[in-house]
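Examination of the molecular architecture
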Amino acid sequence: MAGPVMINTADSVVVYRRRRNVELAMILVAQVIGLAGYALTHLNLDGTLPPEMLSVTMVWVGLGLALHIAVRWRAPYADPLLLPCALLLNGVGLAMIHRIDLIPDPPRHDVLTQLIWTGLGMALAVVTIVVVRDHRPLQAYTYTLFLLGLVLMMLPLVPGLGVELNGARVWIRIWRFSFQPAEAAKFVMTIAFASYLVDKRDALAVAGPRFLGLTFPRPRDLAPLGVMLALAMTVLVTQKDLGMSMLFFGLFVVMLYVSTERPAWLVLGGLSFAGAAFLAASLFHHVQVRIDAWLHPFQNYDQNLQIISAQFGYAWGGLLGRGWGLGRPGLTPLAKSDFIAAALGEELGITGLMALIMVYALFAFRGLRTALAARDDFSTLLATGLSFLFALQVFLIIGGVTRLTPMTGLTTPFMSHGGSSMVVNWMIVGLLLVISHQVRRPVAAPTELTLADDSTQLIAVPTAEVRP
């Protein structure tokens, strides 16, 4: 859509079209889809538009325009599809949270809290775009970022600060607000992984002993990264946050594979994951419960009520759904957070849910496309890591809700009720916009001189008297 244009000048320059007007049009379309869900919910339930329709429209459109202006000002060559995809998913998620708010009597107002978190996330995305501008200096803070990520993950273990909810101690509470630091840690650790692997990629790819036909890296090259990963995994397992553990491990294996281009890492990662999954299922009761709910949900109705209700919701929604406000998503526990995909599947049908999954896929695809077009290794690894992180989280949570995989407790990006995930996802959007701007902005390619470029010069021949 935004293909490069070759301009023949003295130096060959690849110029991507900015496409900012196209981005603005798609932003407005994406926001209209979210507002339509909000309006249709009230039309189907009350027969009239909500009295706050005008103010909600002004706030939502204003937030999108502010983001667009920031991109147009500071990152004019950024990918024009990333922002509309994020706004579409965010708008539909807000509309569904509001729809579920209307189920109890009196109605709840959780959507207002979620809108505040959304505004904060967008503000941090703008700060990222305006302040960072160029992501490459982040490569100099490898170990500082590793340390910051570990501190963030350990915060829930601090007495008086961390709180345990639903069997997992992954939250901290400050005043009336709860925050999940591991969400911020995954963003920080992705930058740290990319920075370290760029420095050590040659040593990890070539040097080291061979065993069973596979070349292993030298311990001194892998040890710092292995220690950091082991500490992170230990903290997450201690907190019983196995979903985030899977996310970190998958991110580590894929970035290692991309940096070294050795398929053996995928094999070793897969075998390690299988062994860890077997061990977790043997040691942790809540992991056994989730595996039972995945394989045999109807054998224990009380224990597996959530996943069973979601399956009934899909069946009730059918191919085209019941329509906004006409389903019964309130019968599924935690419908706003873990199971918001089930609520959307019931009211928008399998067709609507598949369309949203395609938007997620398009977002990840544009991030990976940025990685392929990058001119330096750090940009390639960082864009790959952020895009894969996003895609893996969507696969795990929607796979769990549809019983393709066991439930992991992760959130649905941009849609689930919760502030920490929303804020961090918008920061990921901001950094991807910065990377894509740096990748797509015009840079003069170095000119290679050939014999055809040599000009003929006349050289004075020395006279006979001065010849040796």
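Preceding this section is the structure that the text describes.
The paragraphs below set out a description of the structure included in this document. In this text, all values refer to a predicted model and were calculated from it rather than measured experimentally. (Residues numbered from 1 in each chain as written. Predicted model: local features only at pLDDT ≥ 70, side-chain atom pairs only at ≥ 80, totals over all residues. Heavy atoms only, no water.)

Here we come to the packing of aromatic side chains. Applying the stated criterion across every chain, the model contains 10 aromatic pairs. Judged by centre distance (5.4 Å) and plane angle (70°), the rings of Phe414 and Trp426 are edge-to-face. Here the residue Phe414 occupies a position in the loop between helix H13 (377–401) and helix H14 (419–440), and Trp426 occupies one in helix H14, the gap between them amounting to 12 residues. Taken as a pair, Phe414 and Trp426 share a single burial class, namely buried. (Phe/Tyr/Trp six-rings, centres within 6.5 Å; stacked < 30°, edge-to-face > 60°. Helix = DSSP H or I, 4+ residues; strand = E, 2+ residues; numbered from the N terminus. Buried < 20%, exposed > 50% of the residue type's maximum accessible area, 1.4 Å probe, protein only.)

One open sheet accounts for three strands, arranged E3-E4-E5; its pairing is antiparallel. A single partner strand is all that each edge strand has here, and the edge strands are strand E3 (162–165) and strand E5 (177–179). Ignoring strand direction, the axes of neighbouring strands in this sheet form an average angle of 45°. Relative to E5, strand E4 (residues 168–174) runs antiparallel, the two being bridged by three bridges. Looking at the pairing, Arg173 lines up with Ser178 of E5. (Pairing = 2+ DSSP bridges. Axes fitted to C-alpha atoms, helices over the stretch in contact; angles between N-to-C directions.)

On the secondary structure map, Leu382 appears in helix H13. In sequence terms Leu382 and Ile435 are 53 residues apart; their C-alpha atoms lie 8.6 Å from each other.

Scanning all chains against the criterion turns up three cavities of 30 Å³ or more. The space that makes up the largest cavity amounts to roughly 40 Å³. Forming the walls of the largest cavity are His135, Arg136, Arg375, Asp376, Ser379, Gln438 and Val439. (1 Å grid on protein atoms, 1.4 Å probe; cavity = no way out; pocket = protein on both sides within 12 Å on 5 of 7 lines; lining within 4 Å. Points joined across faces, edges and corners; volume = space filled by probe spheres on them.)

Turning our attention to a nonpolar patch on the surface. A cluster of nonpolar side chains, contributed by Phe298, Tyr301, Leu305 and Phe312, occupies part of the molecular surface with about 420 Å² of accessible area. Take Phe298: it is sitting in the loop between helix H10 (285–295) and helix H11 (305–317). (Patch = residues over 30% accessible without salt bridge, like charges linked within 9 Å, V, L, I, M, F, W, Y side chains within 5 Å. Areas by Shrake-Rupley, 256 points an atom, 1.4 Å probe, with all protein chains shown as cover. Salt bridge = Lys/Arg side-chain N within 4 Å of Asp/Glu carboxyl O.)

Counting residues in hydrophobic clusters, the biggest one holds 111 residues, and the most contacted among them are Leu83 and Trp426. Sort the elements by how many residues they give to this core and helix H6 (residues 181–205) lands first, with 14 residues. Apart from the residues within four sequence positions on either side, Leu83 is in contact with Glu23, Ile27, Leu67, His68, Val71, Trp426, Val429 and Leu433. (Core = buried A, V, L, I, M, F, W, Y, C linked by side-chain atoms within 4.5 Å. Contact = heavy atoms within 4.5 Å.)

Moving on, we come to the layout of surface pockets. In this model, the second largest pocket occupies a volume close to 820 Å³. The wall of the second largest pocket is formed by 34 residues, among which Leu242, Met246, Phe273, Ala276 and Ala277 lie closest to the centre. Broken down by secondary-structure element, the contributors of at least two residues to the lining of the second largest pocket are helix H7 (219–238), helix H8 (242–260), helix H9 (264–283), H10 and H13. The greatest single-element share of the lining of the second largest pocket, amounting to 10 residues, is contributed by H9. When grouped by side-chain class, the residues that make up the lining of the second largest pocket number 23 nonpolar, 10 polar and one charged. (Nonpolar A, V, L, I, M, F, W, Y, C, P; charged D, E, K, R; others polar.)

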